[in-house]
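# Breakdown of the fold
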Number of protein chains: 2
Amino acid sequence: MTSIVVNSSKPVKTEKKNYTGNGLVYVKNPHLDSMDEDILYHFDLGTKTHNLPAMFGDIKFVCVGGSANRMKAFAQFMHKELGLKGDEKDMEDICAGTDRYCMYKVGPVLSISHGMGIPSISIMLHELIKLLHHAKCCDVTIIRIGTSGGLGIEPGSVVITDTAVDSFFKPRFEQVILDRVVVRSTELDKDLAEELLECSKEIKDFPTLVGHTMCTYDFYEGQGRLDGALCSFSNEKKLDYLRRAYNAGVRNIEMESTVFAAMCRLCGLKAAVVCVTLLNRLHGDQIRASHEVLLEYQQQPQKLISMFIKKRLRLWNPEESLSSI
Amino acid sequence: MTSIVVNSSKPVKTEKKNYTGNGLVYVKNPHLDSMDEDILYHFDLGTKTHNLPAMFGDIKFVCVGGSANRMKAFAQFMHKELGLKGDEKDMEDICAGTDRYCMYKVGPVLSISHGMGIPSISIMLHELIKLLHHAKCCDVTIIRIGTSGGLGIEPGSVVITDTAVDSFFKPRFEQVILDRVVVRSTELDKDLAEELLECSKEIKDFPTLVGHTMCTYDFYEGQGRLDGALCSFSNEKKLDYLRRAYNAGVRNIEMESTVFAAMCRLCGLKAAVVCVTLLNRLHGDQIRASHEVLLEYQQQPQKLISMFIKKRLRLWNPEESLSSI
């Protein structure tokens, strides 16, 4: 995306945030009103084939994560946590007609997988935001529950993102639109991050902190890993880069947070990113923890989000302990 | 990735192709030899836990595509086409231990899903290239079998990519390494494209052509769609962009070809991209074809690749017709 901007006669445009302020999800597209039907292709849903307000109108919390299995497990966990009727094992994938994403509804909570990387989550977010708009959802909070590589913190720590930054430690997301590059802010909702940090203080079994999250376009060369099929730099150069990231305030590295922050902000969705760290990148590149340990790590953000949702719904009883996932 | 290069004191580096010439898959990473174990995390495979040469040493063809269901269907189709023993329904996912990708082996053919977008396919390619290297595979041909949006051609047409280009119609892939942007060539193997075009002449039931494929970082704003959650441009601006793409030689648009071409080229893998077009973007943005029609479209590249593989294996009998998928 670089050289063109250097060469281009067209300037790089910077976009400002634009809220409606009425709690509705804001679709910033004048063309949508003139469409007689909207097919959400990657969800296998549509405005003519499905009654979206009836199916989704009561949604207040949307939780997204990369892995389909993890987001199903989270939906089943929330079903237990919210004390809903029926067997959580019978939960049906609303997007069963496609294998691009999976989606589960648990009362006011929607759990969706988004795959790996910025392009994959951006397709999901475009269709999710249109879905919430068509369903006339109001006051929706959206949280990415992810896994990440940690920087200078204990594996298993949970990072609540204050600002998502790119590979150059800048709080921005660059969106190519036709042949123009538009720069978008990646700031997340500060009050929501604070509220989540408060919740975490009541869960003793894992450390939680607030920090910057670096979002890259790949897992190997882009994150300074020495163990990919291609690697052209030394261990010293790698550590120098990771230390500079740490000094810039980065505490974890993943692959979706900048576009997630940018799109949610533009569409008036209060958004947070809560990721567990699977390793400390200053100590290595390969994820060596056992399946059991990794599974336990992945449950940490889910426990935190469950407590947050139950508190918001006034279902939280300080005496009770969280049911196991 | 733009402004930094403008600001950066570090220059943009251009990489040259680097073949070993002995038919082996070339891993361009001096650090790998010093690792006592290599965990291919997103495949749930490893050099200590699995005998990779025994499992994969005979692989000659690797076929990749975005959708897990489609790549399973392709593996089952190839099982029938190659006349292998056993029931193709019993085929097991080699990556069953993870839900990031799925992988099926059918004789000398490996069928793998890669999800959507450049970051998702790049993680898969790093681990696939290391897998082929560890397994000591030789003379491997890799083909991406995908779906795409067409430009000025009939829906259902199959495009064999000669060169993958970015959103600015340039034959390049920009890889961020630490805080440097490296530009890589996206040229594909011309002889392989020619061989595939020759094969297509024997299949009458769908049009096949050779053209440039444009690879974008998202499906909506990045491909000039008017039906996303965000859209800031007019139908006229969209059509002007798509027409300029057409005039630059682009015949279809997808989201993985540039990094696929760049990485395969650097690692000495003869690579091709063969995508069916689901719609003509000059006529619209939404994919309105029925499931049945889309399913039929998706079988076209599979039929072509099956014929190519059977010809290479000298299993092709001009008298026989392809079994239905």
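Along each chain, residue indices are assigned from 1 in the same order as the chain's sequence is written. Each chain gets a letter, beginning with A, and each ligand a number, beginning with 1, in the order they are written. Reporting of local features is limited, given that this is a predicted model, to residues whose pLDDT is at least 70; pairs of side-chain atoms are given and counted only at 80 or more, and all residues count toward the totals for whole chains, interfaces and linings. Processing note: side-chain calculations cover all non-hydrogen atoms of the structure and skip hydrogens and water entirely.

This part is about the packing of helix α5 (residues 190-200) of chain A against helix α8 (residues 291-312) of chain A. Axis angle and axis distance: for two packed helices, these are the angle between their axes and the distance between the axes, and together they describe the pair. Residue and element names in this part refer to chain A. Taken N-terminus to C-terminus, the directions of α5 and α8 make an angle of 105°; their axes are 9 Å apart at the nearest point. Between α5 and α8, the interaxial angle falls into the category roughly perpendicular. Between α5 and α8, the residues in contact are L192, E195, L196, C199 and S200 and L304, I305, M307, F308, K311 and R312, respectively. Per-class residue counts for the contact of α5 with α8 are 7 nonpolar, 1 polar and 3 charged. Angular values range over 0 to 180 degrees, each being the angle between N-to-C directions of two axes fitted as lines to C-alpha atoms, with helices fitted over their stretch in contact. Strands here mean DSSP runs of E at least two residues long; helices mean DSSP runs of H or I at least four residues long; both are numbered from the N terminus. In what follows, roughly perpendicular refers to angles from 65 to 115 degrees, roughly parallel to angles under 35, roughly antiparallel to angles over 145, and oblique to any angle outside these ranges. Only heavy atoms enter the contact rule, under which two residues are in contact if any of them lie within 4.5 Å. Asp, Glu, Lys and Arg are counted as charged, while Ala, Val, Leu, Ile, Met, Phe, Trp, Tyr, Cys and Pro are counted as nonpolar; the rest, among them Gly, fall into the polar class.

The subject of this paragraph is the UniProt feature "binding site: substrate" (unreviewed entry) in chain A. Residue and element names in this part refer to chain A. UniProt positions are given in the numbering used here, feature names are shortened, and annotations may be inferred rather than shown by experiment. Residues annotated in UniProt with the feature "binding site: substrate" (unreviewed entry) correspond here to Q223 and R225. Mapped onto the secondary structure, Q223 falls in the loop between β11 (208-215) and α6 (235-247). Categorising residues by exposure relies on relative accessible area from a 1.4 Å probe, with only protein chains included: less than 20% of the type maximum marks a residue as buried, more than 50% marks it as exposed, and the intermediate range marks it as partly exposed. Take Q223: its relative accessible area is 3%, and that puts it in the buried class. If near-sequence neighbours (up to four positions away) are discounted, Q223 is found in contact with T216, D218, L242, I253, E254, M255 and R281. Inspection of the secondary structure assignment puts R225 in the loop between β11 and α6. Ignoring anything within four residues of it in the chain, the contact list for R225 reads F219, Y220, C231, F233, L279, R281 and D285.

Attention shifts here to the confidence of the model for chain A. In this model, chain A carries a mean pLDDT of 92, and residues with pLDDT of at least 70 account for 91%. Overall fold confidence (pTM) sits at 0.93, and the ipTM for the predicted complex is 0.93. The pLDDT value tells you how sure the predictor is about a given residue, anywhere from 0 up to 100.

A word on helix α7 (residues 257-266) of chain B. Residue and element names in this part refer to chain B. With 10 of its 10 residues buried, α7 lies for the most part within the structure. Where α7 is concerned, the buried positions are S257, T258, V259, F260, A261, A262, M263, C264, R265 and L266. Taken from the residues just after α7, G268 is the one with a positive phi, measuring 70°.

Counting residues at the interface gives 86 residues for chain B, matched by 87 residues for chain A. Summing both sides of the interface, chain B and chain A together bury roughly 7,400 Å²; the carbon and sulfur share of this comes to 59%. Here the buried area means the combined drop in accessible surface, using a 1.4 Å probe, for two parts upon being joined, counting both sides. Considering only the side of chain B, the residues that lose the most area to chain A are M116, F168 and L178 of chain B, jointly responsible for 11% of the buried surface there. Across the pair D179 of chain B and R244 of chain A runs a salt bridge whose closest N-O atoms are separated by 2.7 Å. In the analysis that follows, any N or O atom pair within 3.5 Å is treated as a polar contact, provided that within protein one partner can donate a hydrogen and the other can accept it, and provided that, for residues neighboring in sequence, both atoms belong to side chains. Viewed at the interface, chain A and chain B are joined by 36 residue pairs in polar contact (both at pLDDT 80 or more). Among the elements of the structure, α1 (2-7), α3 (68-81), α4 (118-134), β9 (172-177), β10 (180-185), α6 (235-247), α7 and α8 (291-312) of chain B are those that each provide at least two residues to the side of chain B that touches chain A. Should a side-chain nitrogen of Lys or Arg be within 4 Å of a carboxyl oxygen of Asp or Glu, the pair is scored as a salt bridge.

Attention now goes to the nonpolar core. By nonpolar core is meant a set of buried Ala, Val, Leu, Ile, Met, Phe, Trp, Tyr and Cys residues that side-chain atoms within 4.5 Å join together. Counting 178 residues, the largest nonpolar core has F43 of chain A together with F43 of chain B as its most contacted members. Discounting chain neighbours no more than four positions away, the residues touching F43 of chain B are C95, T98, Y101, M103, I112, M124, E127, L128 and L131 of chain B. Grouped together as the second largest cluster of nonpolar side chains are 15 residues, I177 and V182 of chain A together with F169 and M214 of chain B included.

Moving on, we get to the relation of the copies chain B and chain A. All copies are superposed by least squares; the fitting set is the C-alpha atoms of residues with a pLDDT of at least 70 in both. Of the transformation superimposing chain B on chain A, the axial component is 0.0 Å and the angular component is 180°, with the fit at an RMSD of 0.0 Å. Both chain copies can therefore be described as sitting about a two-fold axis. Mapped onto chain A, 100% of the interface residues of chain B again fall at the interface, so both copies present the same surface.

Looking now at the UniProt feature "binding site: phosphate" (unreviewed entry) in chain A. All names here are of chain A. In the numbering used here, UniProt assigns the feature "binding site: phosphate" (unreviewed entry) to R100, R144, I145, G146 and T147. Within the element layout of this structure, I145 appears in strand β7 (residues 141-150). Non-local contacts of I145, meaning those with residues more than four positions away in its chain, are made with C63, V64, G65, R70, M71, F74, V274, P301, Q302 and I305. Topologically, G146 is positioned in strand β7. A relative accessible area of 2% means that G146 is categorised as buried. Ignoring sequence-local partners within four residues, the contact set of G146 consists of R70, V274, C275, V276 and P301.

Another aspect to go through is the pattern of salt bridges. Overall, the coordinates contain 41 salt bridges over all chains when judged by the stated rule. With a closest N to O distance of 2.5 Å, E221 of chain B and R184 of chain A form a salt bridge. With E221 of chain B in the loop between β11 (208-215) and α6 and R184 of chain A in strand β10 (residues 180-185), this pair bridges two chains. Of the two residues, E221 of chain B and R184 of chain A, neither departs from the other in class, the shared state being buried. The closest approach of N and O atoms between R244 of chain B and D240 of chain B, which form a salt bridge, is 3.1 Å. With R244 of chain B and D240 of chain B both in helix α6 and 4 residues apart, the pair spans about one turn of that helix. Of the residues examined, R244 of chain B reaches a relative accessible area of 29% and is grouped as partly exposed. By relative accessible area, which is 38% here, D240 of chain B ends up partly exposed.

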